[in-house]
Amino acid sequence: MDIENSNYEAPQTANGRGTGSDSLAAQSILDGGAVVYGRSEPAESDVCDKTAQVVNETYEQAKSYSRKNPGRQF
């Protein structure tokens, strides 16, 4: 999902115009959030990949142990 390029439309008042400074503040917050999300996404992906790798390695170790020690309990 590409939030940085999404177009957010500020709420309209009864006369069809934006709410002025509230609209600008909301847009500023949304823009800031999109920037932070964009910067954090690669780090999150890296952490997820490393976690999956460690879980896979641990699973393989458990399988190897169980083959070498059939019927043995922990």
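One structure accompanies this document, and this report is about it. Note that the structure is a prediction, hence the values are computed from the model and not measured.

**Some remarks on the overall build of the chain**
Regarding its fold elements, the chain presents one helix and zero strands. The proportion of buried residues among the 74 residues of the chain is 4%.

**Concerning helix α1 (residues 21-68)**
In a regular helix each residue adds 1.5 Å, so 48 residues correspond to 70 Å; α1 covers 69 Å between its end C-alpha atoms and thus fits that length. The largest bend along α1 reaches roughly 35° and is located at Ser-40, with the proline Pro-42 sitting one to four residues downstream.

**Re the pattern of salt bridges**
Inspection of every chain in the model, using the stated rule, returns two salt bridges. A salt bridge links Asp-46 to Lys-50; the nearest nitrogen and oxygen atoms lie 3.4 Å apart. Of the two residues, Asp-46 and Lys-50 are both situated in helix α1; the distance of four residues between them amounts to about one turn of the helix. For Asp-46, a relative accessible area of 37% gives the class partly exposed. With a closest N to O distance of 3.6 Å, Glu-60 and Lys-63 form a salt bridge. In this pair, Glu-60 and Lys-63 both sit in helix α1, three residues apart, roughly one turn of the helix.

The rules behind the values
Residues numbered from 1 in each chain as written. Predicted model: local features only at pLDDT ≥ 70, side-chain atom pairs only at ≥ 80, totals over all residues. Heavy atoms only, no water. Helix = DSSP H or I, 4+ residues; strand = E, 2+ residues; numbered from the N terminus. Buried < 20%, exposed > 50% of the residue type's maximum accessible area, 1.4 Å probe, protein only. Expected span 1.5 Å × (residues − 1). Bend = angle between axes of the 7 residues up to and from the residue. Salt bridge = Lys/Arg side-chain N within 4 Å of Asp/Glu carboxyl O.

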